[in-house]
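Notes for the structure review
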Amino acid sequence: MTHVEDELNSQPECWTRAAEDAGRHRGALPDPGERVAVVGCGTSYFMAQAVAALREGSGQGETDAFAASEFPSGRLYDRVVALTRSGTTTEVLQLLSELKGRTRTTAVTADPGTPVMEAADDLVVLDYADERSVVQTRFATTALTLLRAHLGLHTGAAVTDARTALTTQLPQGLVECTQFTFLGRGWTVGLANEAGLKMREASLSWTEAYPAMEYRHGPISITTAGTATWMLGEAPDGLAEQVRATGGLWVGSGLDPLAELVRAQRLAVAVAAFRGLDPDQPRHLTRSVILAP
């Protein structure tokens, strides 16, 4: 078993622990009504998108998401939350340094023994969700689960669905597809973006991701036999029928959207195996992007 397989299989237990620990971290996480930005790089940026949509959508305060390198320096926030598995990513550390003494910051990380300990005002450590694999799975979803629980939006059904996602077969013919498109709505747009990234990282697949309603505005033109369109969350009316009419494979969502992401992670590993690739050694990637001065 690869490291990434082992780590993605442990997600139900990690989510359960994160939900139980959410109350203990309340003081380090945003209060209702605060104006908040959530930042990250790569996978963490896509989780930031999901968190921002969940928080603002539930009426708990204006919330934006940015890639750490694209944070608008002139914009004022009550708190900036940085998601960083390694605690060493250059763009995140630079941003936290720039905000020091000006904006309250919180870092959610897997490794407190890194520069992020000194860079952020508050620290939330999810060391039990740390990973050996370059390809992120459980840290990202565990951080999102912690924040869902903090917002009062996590239920045990998500964990149950994650176990289902790990034990049920993938749809027939999916692994053999040559192109994959992931769709989301609201907070699941971030999950769709992350599903696409997992496929690119682990299996070198041609993947795209869009808000579901935008799919009709051009991207559906590439859909045909041998391609797959996967919806994370509730699909817009009529979209499944439109995809099937193209000859493409439609994959609907019957689980909690975060559990659907677990299924997409499994697909990335399965496609890698089908193509003879090692998902633990993705091409041109390292566990953390650390730029030379």
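In short, a report on the structure. (Residues numbered from 1 in each chain as written. Predicted model: local features only at pLDDT ≥ 70, side-chain atom pairs only at ≥ 80, totals over all residues. Heavy atoms only, no water.)

**Let's talk about the overall build of the protein chain**
Of the regular secondary structure elements, the protein chain holds 10 helices and nine strands. Taking 293 residues into account, the globule formula puts the C-alpha radius of gyration at 19 Å, and the protein chain, at 18 Å, falls close to it. Oriented by its inertia axes, the alpha-carbon framework of the protein chain measures out at about 55 × 40 × 40 Å. A buried classification covers 58% of the 293 residues belonging to the protein chain. Taking contacts inside the protein chain between residues at least 6 apart in sequence as the whole, the part at least 24 apart equals 72%. In the structure as shown, the protein chain presents an accessible area of about 12100 Å², 50% of it carried by carbon and sulfur atoms. (Helix = DSSP H or I, 4+ residues; strand = E, 2+ residues; numbered from the N terminus. Rg over C-alpha atoms; globule rule 2.2 N^0.38 Å. Buried < 20%, exposed > 50% of the residue type's maximum accessible area, 1.4 Å probe, protein only. Contact = heavy atoms within 4.5 Å. Areas by Shrake-Rupley, 256 points an atom, 1.4 Å probe, with all protein chains shown as cover.)

**Looking at helix H8 (residues 188-203)**
End to end, H8 covers 22 Å across 16 residues, agreeing with the expected 22 Å (1.5 Å per residue, within 8%). Just beyond H8, the residue with positive phi is leucine 204, at close to 55 degrees. (Expected span 1.5 Å × (residues − 1).)

**Concerning the sheet that holds strand S9 (residues 249-251)**
One open sheet holds the four strands; their spatial order is S7-S6-S8-S9, and the pairing between them is parallel. Edge positions in the sheet fall to strand S7 (206-211) and S9, since each of these pairs with one other strand and no more. Adjacent strand axes in the sheet meet at a mean angle of 20 degrees when their direction is disregarded. With three bridges joining them, strand S8 (residues 227-232) and S9 adopt parallel strand pairing. From the neighbouring strand, threonine 229 faces S9, where its bridge partner is tryptophan 250. (Pairing = 2+ DSSP bridges. Axes fitted to C-alpha atoms, helices over the stretch in contact; angles between N-to-C directions.)

**Considering the sheet that holds strand S4 (residues 104-109)**
Read from one edge to the other, the open sheet built from five strands follows the order S2-S1-S3-S4-S5, with strand pairing classed as parallel. A single partner strand is all that each edge strand has here, and the edge strands are strand S2 (63-67) and strand S5 (122-125). Ignoring which end each strand starts from, the neighbouring axes of this sheet average 20 degrees apart. In this sheet, S5 lies alongside S4 in parallel orientation, the contact comprising four bridges. Paired with valine 108 across the two strands is valine 124, which belongs to S5. Its contacts with the sheet put helix H4 (residues 90-99) on strand S1 (36-40), strand S3 (79-84) and S4, and the angle it makes with S3 is roughly 160 degrees.

**Comments concerning unusual backbone geometry**
With phi around 55 degrees, leucine 204 is a residue other than glycine that occupies positive phi space. Looking at the secondary structure, you find leucine 204 in the loop between H8 and S7. Classification of leucine 204 by relative accessible area gives partly exposed; the value is 36%.

**Section: the packing of aromatic side chains**
Taken as a whole and assessed by the stated rule, the structure comprises five aromatic pairs. Measuring from centroid to centroid gives 5.7 Å for phenylalanine 182 and tryptophan 230, while their planes differ by 35 degrees, and the two rings are tilted. On the criterion of sequence distance, the pair formed by phenylalanine 182 in strand S6 (residues 179-184) and tryptophan 230 in strand S8 is long-range, its members being 48 residues apart. Of the two residues, phenylalanine 182 and tryptophan 230, neither departs from the other in class, the shared state being buried. Through pairs of rings, three or more aromatic residues link up here, namely Phe66, Phe71 and Tyr77. Positioned over the ring face of tyrosine 77 is arginine 35, at 4.8 Å from the centre of the ring. (Phe/Tyr/Trp six-rings, centres within 6.5 Å; stacked < 30°, edge-to-face > 60°. Lys NZ or Arg CZ within 6 Å of the ring centre and 35° of its normal.)

**Considering helix H3 (residues 43-57)**
The end-to-end C-alpha separation of H3 is 21 Å, in line with the 21 Å expected for 15 residues at 1.5 Å each. All buried positions along H3 are accounted for by Thr43, Ser44, Phe46, Met47, Ala48, Ala50, Val51, Ala52, Leu54 and Arg55. For H3, the elements touching its buried residues are S1, S2, S3, helix H6 (138-150), H8 and helix H10 (257-274). Glycine 59, located one to two residues past H3, shows a positive phi value of around 75 degrees.

**Details of the pairing of S3**
Where burial is concerned, most of S3 is hidden: six out of the six residues are buried. Side chains Arg79, Val81 and Leu83 of S3 all project onto a buried face; the interleaved residues Val80, Ala82 and Thr84 project onto the opposite face, where all are buried too. Of the strand pairs in this sheet, S1 and S3 are connected by four bridges, and their pairing is parallel. The partner of valine 38 across the bridge, within S3, is valine 81. Across six bridges, the pairing between S3 and S4 is parallel. By the bridge assignment, arginine 79 is partnered in S4 with arginine 104. This β-α-β element, S3 to H4 to S4, shows right-handed connectivity. (Right-handed = clockwise from strand over helix to strand, strands pointing away.)

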